[in-house]
Each structure stands twice: as structure tokens, then as C-alpha cells.
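Chain by chain, the residues run as shown.
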Amino acid sequence: MKNLSILFIFIIILGGQIIFAQTNKPLTLDDCIELALKNNQQRAVSQAGEKIAKSRLGQARSAYWPQVTANGLAARLDDEPIFVFPEETESYSIGGVLPQPIVTEVTIPEKTIKLLGKNLFSTSANLMLPLYTGGLRPGLMQQARAGVQVARQNTRRTDQEIIYQVRDLYFGTVLANKLAQIAQKTHTRLSATLELTESLYKKGAGKVKKTDYLKNKIFVKSVRGMQTRLQSQADNARAGLAFYMGLSWETNITLSDSEIPISKTDVSLKQLVDGTLRFNPNWLSLQAGLNAYDGKIREAKSETRPRLALIGNLEYINNNYDKGVVAPQNTRSWQVGLGLEFPLFNGFRTHHKVKEMKARLTQLEHQKILLHEGLATQIKVLHQKLLALQEHLSSAQEALSAAQENHQLTDLGYQADLLEVQDLIEAQTIESIVQAQYHTLCYDHYQTYIQIEKLIGTEIERYLNE
Amino acid sequence: MNSSKITFLTTCRWFLCAMIVLSTNQHTRAAELFLSSLRLGFTIDTISGVDVNDARAAQELWLRTALQNMNKNNEPVDVQITVYSDLSLLINAVKEHELDAVTLLPLEYLSLQEDVSLIPIITSYSGDSDGEHYVVLTHRENNIQTIEQLQSRNIIVGTRGDKKVPQLWLDTMLLEKSLPETKAFFKSVKYMRKTTQAILPVFFKQVDACLVPKTDFETAIKLNPQLSVGLQIIAESPGFKSTMTCLRSDFHDQHGSHLTQAMETINQTEQGKQFFTLFRVSRILRFEEVHLDNIKNLLQKNQTLSQKSAHRQIEGQ
């Protein structure tokens, strides 16, 4: 028993370590997207909306099926229903017997007739199959199908937003980490230099003056402030990403990527606009909206058209009395027939309803043009921004290489006593600044790239298919 | 087994565990603070061309950083640096236990190793993995291809640190070719602390030759590629290590391994790397006897050749 307890404690400790190890495993971008798609509440809302729309489509489809109902009744009546036959006096004239017809009056007294017994059991089945609804059913179907389309695009839009946000937050965190590292490295280098300056000013030959030390100190402290701010931004970015993925605030995440990818594209603007019109959820929702209004017009028009339905009825009655209305002949019955309804005049209500729906359709078609132009313009702006950033990035890459080479060479020059310490510090600081600029540009480029993908709506398909 | 025995055994186990934990903590605490003070000395030749006070302040900072990094709790370390004008004074200070550690030039170490018991732990140097190479440069247009052609001409020796090793190498090279030693061979010999002050006069044909560290010449070419067009190397030395840090033997027994580790790993932090850069140290290595091979060979060859030359002079007289 004791051994079991020790084993149990051991398992708990080991298990805890495994869980700890799992939560501390560096997360890839795909891990983060998967977690966010799994935990984000907005996605559940959108998915529920899609289910609602699909159910509505099922409801609309029911109009094509016969409506069959069955009724049953078992009752005990307080009294037996009767039919009172009133007193009736009839005059009769009998001729042919006597030369004069004999006229006589017969009075039948009031008579009570029992209709059925107190115990009644009846069942019936009714059937109604619409044969022609004047376009009502296809109209409703069209609207329901459009509703499903809109709901599906809403889900896609939600997924797209989640994926975009995660990608943005993920590489925003990578950038923040990178900048914090650069700031830390710069600060450490400058602090070491400051220490040397202080040591030389206090104990050295006097070539280094207090003003040199103070100037250096001002610079180091400014960089320290910058480093603290960047470190705090990196922490905040990590916390934001963890929150967005639906993880507890206590979870400390680490990311597996340390570099921001540069996805260069040579796709033309026309291809991007075409892609947007094929995949953008807003565009596809609008198309579905147009279909929905078309369905509404059909529904409205159906109000002026005849409706035809097949009607059937089957009935069985059981009663403890076999006379009256429940005589054997009446206990089993059926009927089949065609029902027709023809609206003749409703004060032009339908006419105006159709006009309203046509106007709404026209309104939406104009909105479609606006959306088309809007999407194309957004794509154009982002495409131009991306191309400019690509150019800028190439220059920044060259500047970074030059800054690195300059630092390396200055370092060598300083080692060989060919250059001064100021040259070295300047080269180190310039390299740090150019590095920070380069990584910020990489992030700007990546962010613009994912904005385009979000607008087109293609990237989500890849993640969802995976 | 009754319950009292179980309790007793459990208590024993807990006690044992507690002892292990406590002893580990003691060990850790000892490792956290392995050294609280260090007295280091070096001769003025080690810092040739640099102000003594500046060198002392820089060395103090360097050592304090290395030792403080080893003291995990970052407790301050008292570092005392003394600069000696003469090697004999330094030897006496070690013998009197006034110094725990010394930084020496390889030639200084070889000259005193029999007088005092010192254990080298670290060598530091610039240049390639082999050490610092020295080169003799001439201008291509002057048509000076060999060292012999430099007889009665001007030379500038431009070395940042140790002057003795390049001087010794130059002397040995001349003796090898049965030529007089530097002072007699050249018309004039000037010493400059900065390499550029040696290279540029040769490039501008104001001086016939210069003797500089090879890495400095290569850096100068990278900074100014025209130099490679104008200048040529006519002689190159083997690689020599720049300085050695040694511990007094009894001090080494106590703190040798920790100090070696502290100094070896200083460049593993960003702060340490920066100090490396600022103090112009390219490499720092755990000392091995092989590091002294080149300088020993040079010294031996110089002594042999000097003796031969002396004999020749006597025979000639």
C-alpha cells in the first residue's frame, strides 16, 4: 500500500513534469493557429450560425413533402348526445275511398333520438400535398440556400480573422523579441564601454574626462530605457497571443520561430483582384444576398398566383352505441380531393411588395459595384505597399550587410589600432539601429502580405484543409 | 515490521535526504563565492605604449568582471593591480607572496621560470590561431625583394604590444643570413606604437621598410585596398602568443581551475565579448606547453646563431 502511494506520488511528479514540458514546448505558427481555431468563442458563434441557416434550409425544403397528420380521441361524455325531434302535426287527405276525400290530422309527438353512446374513441389521418404554390416554394428555397451561403461565408470570415490575428500576433511577438534582444545586446555592449570609461576616468591617466563618462552614461541610460520598453512590449505581445489562443493568463509561451519570413510575390494586381472576387467572403456573401432577394421577389409574386393541393382524409370511430350517428356505416370513412385557392384582390399589396423587393435587389447590385471597387482599391493599395516594401527591404538588406561589414572591419581596425574606440562604438550602434530597422521592415512586409491574403481569403483554405 | 520501526526508518530516510540537500547547498555556496580578492602584477613591457594608469584601470575592470561572473551571487571582488618597472621586482613580489597572479610576455616567462614557481593558465593573443605573425614590408616600386637588400636602409618597427619578440625575430633572421644584427644592419631603426605610423611612410616611399603584425597589415589593406598594390611582404615570422597569465604555484593549487574557467569563459557573455573587443584581445586559450614552442625555437636559434657570430668575430680578429 505504501509502495503504491510512493509510486502514485512519483507518477504525479513525473506527470507534472511532462505537462510542464508540454506547455513549455516552443509553439510553431501552425500550433498557435490550431489552438486559436479550437478555443476561440467567436468561431463557435459563427459555426452555430451556419447550423441555424442549414436548419432553415431544411424547413424550406419541407414544403415539397406531403403534410400528413394523425389525430386520435378517446373520450367519456357526461351525457349521451341526443337529437330532439319536435312534435309535428301533418294533415292527410285520403281520397278514392269515399266520394269525398277524407281529411284527417295526425300529430306526431316530440321524440328524443340518441346520437351516440357516452364512450367515444375516434382516429383520423389527414394528408395535404401542395401541387402548385405559384413559386412560393422555390422562392423560400432560394432564400434559405442564400442564408446558408451567407452563414458559411461568415464562418470563413471569422476563421480568416482568427488566422490573420494569430499570424500578426505571432510574428509581432517574434519582432518584439528580436528588438528586445537587439536592445539588450546594445545596452550590454554600451554598459561595458561605460564601465571602462568610468574606470579610466576615475583611475586612469586622465585622458578620459568626467564629461566623457557623463555623455556615455546619458546614452547608456537612454538605451536602457528603450530596452525596458521593448522587453515590456515583447512580454505584452506574448501575453496577447496567449490570450487570443484562449490560453490561461498564467501560461508562459515560447515561440519556435525567431525570424520573420519574407514571402516575396510577383503576382500581378489583376490576378490578385480576380482572386479576391473568387474567394473574398464579403464578396461571396453579397452574391448570396442577391440570390436571397431574387428568392424574395419570387415569394412575393406567388401571392397573386393560384395554389393547388391534393387533400386526403381517413377516419375511424368506435362507440359503445351502434345507432344514431355512430351506426356502422358512419364509423369508417375516407375522402380524397383537390383544393384550390385563388387570390383575387388584396389591395395591390403584392404588387408593392414585389416592387420593394426589386428595389432592394437594385440597391444591392449597386452595393456590389461599390464593394467591387472598394476591394479592388484595397488590393491595389496593399499591392503597391507590398512592392514598395519589397524594394525597401532589398535596400535594408544591403544596408544591414554594409553595417555588419562596417562593424567587422571597424572591429579589425580598432584591434589593429588603426581606428579609435569612438569608431567602434559608432559602428556597433549603427549596426544595431540598422538591424532593428531591417527586422521592423520584415514585419511590415509580412503584415502587408497577410493583409492581402486575408482580403483574398485563400490562406484560410490551406489551414482549414490541413 | 511494527509501526515504530517504520517511523524510525522513515525519519532516517528524511534525515539522509536532508543531509544530502544541505551538503549540496554548502557545495553550491562554496562554488558561488570561490574568490573574494586577487593581486595581479605585470611589467611595464607588457603594456608598451599604453599609459600605466590606464592599463591598470582597464586590467582591474577586466579581472573584476571575469571573477564577478564566476561568483554567482555577483559579490564584489577586490582586485589589486601592480605594475613593475623591472622583472626582478615582480619576481621578488611573487616570492614574498605579495602577488597571486602575474601577466607576462612569453620571453619574460621563459627568463624567470627557473627563479620562481609560476604555473601558466591562460595565453591571450591577436592574429590567427597560430598567434601573431610579423611581416617585413617594402614598396614594390623600390625593387627590394629580400632582407639582404635592406642593408643600410631605414626601417620602422610598428608594434602595438611586445617589441622584444619582433626585434628578436628580425635579429635571428639577419643572423641566419650571416648579416649583422638590426642596429648595425639598418641605417636607422624607429619604433612606432601605431601600425599605420609604420606602414604609411613605406607606402609613400619615405622609409624603405617596416616590420608590423601581419593581421594589422591585412586590416589596413581591407580599409585601404591601395596598400596591397603598393606594398609587398618580403619576410614573415611564425606565430607568437602575446601574453600569458600565471599563478603562484600554491595559489594555483587552491584556485587554479576556477580562475582558468573564469578567464576562459569571459567571452561567452555579451559583456565579456565587448571587453575582449575593447581590450583588443582576439583569442584567449587555456595554456599548453606547445604555445611556447615557436618562441622557444626562436630563442634557441638566436642563441646558437649569436654564439656562432661571436666565434666568427673572434676568429676574424
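This is a predicted model, so every value here is computed, not measured. (Residues numbered from 1 in each chain as written. Chains lettered and ligands numbered in written order. Predicted model: local features only at pLDDT ≥ 70, side-chain atom pairs only at ≥ 80, totals over all residues. Heavy atoms only, no water.)

Enquirer: Could you give an account of the overall build of chain A, with specific residues and numbers?
Expert: Looking only at helices and strands, chain A features eleven helices and eight strands. The 466 residues of chain A split such that 35% are buried. The long-range fraction of contacts in chain A, counting pairs at least 24 apart against all pairs at least 6 apart in sequence, stands at 84%. Carbon and sulfur atoms make up 58% of the accessible area of chain A, which amounts to about 27,800 Å² in all. Within chain A, the 47 negative side-chain charges are centred at a point lying 1 Å from the centre of the 52 positive side-chain charges. (Helix = DSSP H or I, 4+ residues; strand = E, 2+ residues; numbered from the N terminus. Buried < 20%, exposed > 50% of the residue type's maximum accessible area, 1.4 Å probe, protein only. Contact = heavy atoms within 4.5 Å. Areas by Shrake-Rupley, 256 points an atom, 1.4 Å probe, with all protein chains shown as cover. Lys, Arg positive; Asp, Glu negative; His and termini not counted. Charge placed at Lys NZ, Arg CZ, Asp CG, Glu CD.)

Enquirer: I'd like a description of the interface of chain A and chain B, backed by residues and values.
Expert: Counting residues at the interface gives 29 residues for chain A, matched by 33 residues for chain B. For the pair chain A and chain B, the summed buried surface comes to about 2,700 Å²; carbon and sulfur atoms form 57% of the total. On the chain A side of the interface with chain B, the three residues burying the most area are Q415(A), D417(A) and L418(A), jointly 24% of the side's total. Counting across the chain A and chain B interface gives four salt bridges. Between E270(B) and R189(A) there is a salt bridge; the shortest N-O distance is 3.8 Å. (Buried area = accessible area lost by both parts, 1.4 Å probe. Salt bridge = Lys/Arg side-chain N within 4 Å of Asp/Glu carboxyl O.)

Enquirer: Report on the sheet that holds strand β11 (residues 283–286) of chain B, specifying residues and quantitative values.
Expert: All names here are of chain B. The strand order β2-β1-β3-β10-β4-β11 describes an open sheet built from six strands, whose pairing is mixed. Unpaired on one side and paired on the other, β2 (78–84) and β11 mark the two borders of the sheet. Strand-to-strand twist in this sheet, taken as the mean axis angle between neighbours without regard to direction, amounts to 25 degrees. With four bridges connecting them, strand β4 (residues 118–125) and β11 associate as antiparallel partners. (Pairing = 2+ DSSP bridges. Axes fitted to C-alpha atoms, helices over the stretch in contact; angles between N-to-C directions.)

Enquirer: Tell me about the pattern of salt bridges, and name the residues and values.
Expert: Counted according to the given criterion, the structure contains 29 salt bridges over all chains. Across the salt bridge formed by E80(A) and K114(A), the nearest N and O atoms sit 3.1 Å from each other. Highlighted residues: E80(A) in the loop between β1 (67–76) and β2 (82–85) and K114(A) in strand β5 (residues 111–114), separated in sequence by 34 residues. The exposure class of K114(A) is partly exposed, given its relative accessible area of 26%. One salt bridge connects R248(B) with D100(B), and the closest N-O pair in it is separated by 3.1 Å.

Enquirer: With reference to specific residues and values, describe helix α10 (residues 421–456) of chain A.
Expert: Helix length check: α10(A), at 36 residues, gives a terminal C-alpha distance of 53 Å against a target of 52 Å (1.5 Å per residue), a fit within 8%. Just downstream of α10(A), G457(A) is the residue with a positive phi angle, here 85 degrees. (Expected span 1.5 Å × (residues − 1).)

Enquirer: Got a sec to walk through the environment of D411(A)? Specific residues and values, please.
Expert: Relative to the assigned elements, D411(A) resides in helix α9 (residues 349–415). Taking the C-alpha atoms as reference points, D411(A) and K323(A), 88 residues apart in sequence, are found 121 Å from one another. Setting aside its immediate chain neighbours within four residues, D411(A) contacts L424(A) and T277(B).

Enquirer: Outline α9(A), listing residues and values.
Expert: The terminal C-alpha atoms of α9(A), which comprises 67 residues, lie 94 Å apart, in line with the 99 Å expected from a rise of 1.5 Å per residue. Looking at the residues trailing α9(A), positive phi occurs at D417(A), about 65 degrees.

Enquirer: Give a description of unusual backbone geometry that names residues and reports values.
Expert: The phi torsion of most residues other than glycine is negative, and most of the peptide bonds are trans. Non-glycine residue S178(B) carries a positive phi angle of around 55 degrees. Checked against the element boundaries, S178(B) lands in the loop between α5 (164–176) and α6 (182–185).

Enquirer: Any chance you could break down the packing of α9(A) against helix α11 (residues 270–278) of chain B for me, citing the residues and the numbers?
Expert: The relative placement of two packed helices is expressed as an angle between their axes plus a distance between the axes. At a closest axis distance of 9 Å, the pairing of α9(A) and α11(B) adopts a crossing angle of 50 degrees. With respect to their mutual orientation, α9(A) and α11(B) come out oblique. Taken together, the residues of α11(B) that come into contact with α9(A) (itself represented by D411(A), Y414(A) and Q415(A)) are F276(B), T277(B) and L278(B). A breakdown of the residues in the contact of α9(A) with α11(B) according to their chemical character gives three nonpolar, two polar and one charged. (Parallel < 35°, antiparallel > 145°, perpendicular 65-115°, else oblique. Nonpolar A, V, L, I, M, F, W, Y, C, P; charged D, E, K, R; others polar.)

Enquirer: Quick rundown of the domain arrangement of chain A? Include the residues and the values.
Expert: For chain A, the domain assignment lists domain 1 (28–65 + 133–305 + 350–465), domain 2 (68–81 + 120–132 + 308–342) and domain 3 (82–115). The gap between the C-alpha centroids of domain 1 of chain A and domain 3 of chain A is 101 Å. (Domains from an automatic or database assignment.)

Enquirer: If you had to explain the layout of surface pockets to someone new, which residues and values would you point to?
Expert: As a volume, the second largest pocket reaches approximately 620 Å³. Around the second largest pocket, the lining comprises 30 residues; the ones closest to its centre are D411(A), L412(A), Q415(A), V281(B) and S282(B). At the level of elements, α9 and α10 of chain A together with α8 (214–223) and α11 of chain B are the ones that each hand at least two residues to the lining of the second largest pocket. With six residues, α8(B) is the single largest residue contributor to the lining of the second largest pocket. Of the residues in the lining of the second largest pocket, the class split is four nonpolar, 14 polar and twelve charged. (1 Å grid on protein atoms, 1.4 Å probe; cavity = no way out; pocket = protein on both sides within 12 Å on 5 of 7 lines; lining within 4 Å. Points joined across faces, edges and corners; volume = space filled by probe spheres on them.)

Enquirer: Mind laying out a nonpolar patch on the surface, listing which residues take part and the relevant values?
Expert: Residue and element names in this part refer to chain A. A cluster of nonpolar side chains, namely Y92, I94, V97, L98, I102, V106 and I108, defines an oily patch on the protein surface of about 570 Å² accessible area. Taken together, the elements giving at least two residues each to the nonpolar patch come down to β3 (88–94) and β4 (102–108). Looking at the nonpolar patch, the element that brings in the most residues is β4, giving three residues. Residue placement: Y92 occurs in strand β3. Under the relative-accessibility criterion, Y92 is labelled partly exposed at 39%. (Patch = residues over 30% accessible without salt bridge, like charges linked within 9 Å, V, L, I, M, F, W, Y side chains within 5 Å.)

Enquirer: Can you lay out the side chain of Q415(A) for me, pointing to particular residues and giving the numbers?
Expert: Structurally, Q415(A) is set in helix α9. Judged by relative accessible area, which is 11%, Q415(A) ranks as buried. Once residues lying within four places of it in the same chain are set aside, the contact partners of Q415(A) are R160(B), F276(B), T277(B), R280(B), V281(B) and S282(B).

Enquirer: Now, about a positive patch on the surface: what can you tell me, with residues and values included?
Expert: Residue and element names in this part refer to chain A. Taken together, the side chains of K210, K217, K221 and R224 make up a positively charged region of the molecular surface. Position of K217 relative to the elements: it lies in helix α5 (residues 210–244). We classify K217 as partly exposed; its relative accessible area is 32%.

Enquirer: Outline the packing of aromatic side chains, supporting the account with residue identities and numerical values.
Expert: Scanning all chains against the criterion turns up seven aromatic pairs over all chains. Ring geometry for F185(B) against F186(B): centres 4.9 Å apart, planes inclined by 85 degrees, an arrangement best described as edge-to-face. Accessibility expressed as a relative area gives 3% for F186(B), which makes it buried. In this structure, K454(A) packs its charged tip against the face of Y164(A), placed 4.6 Å from the ring centre. (Phe/Tyr/Trp six-rings, centres within 6.5 Å; stacked < 30°, edge-to-face > 60°. Lys NZ or Arg CZ within 6 Å of the ring centre and 35° of its normal.)

Enquirer: Give a description of the sheet that holds strand β9 (residues 231–236) of chain B that names residues and reports values.
Expert: All names here are of chain B. Reading across from one edge, β7-β6-β8-β5-β9 is the order of the five strands in this open sheet, with mixed pairing throughout. The open sheet is flanked by β7 (188–192) and β9, the only strands paired with a single partner. Direction aside, neighbouring strands of the sheet carry axes that sit 25 degrees apart on average. Of the strands in this sheet, β5 (134–139), β6 (154–158), β7, β8 (209–213) and β9 are in contact with α5, which crosses β5 at around 70 degrees.

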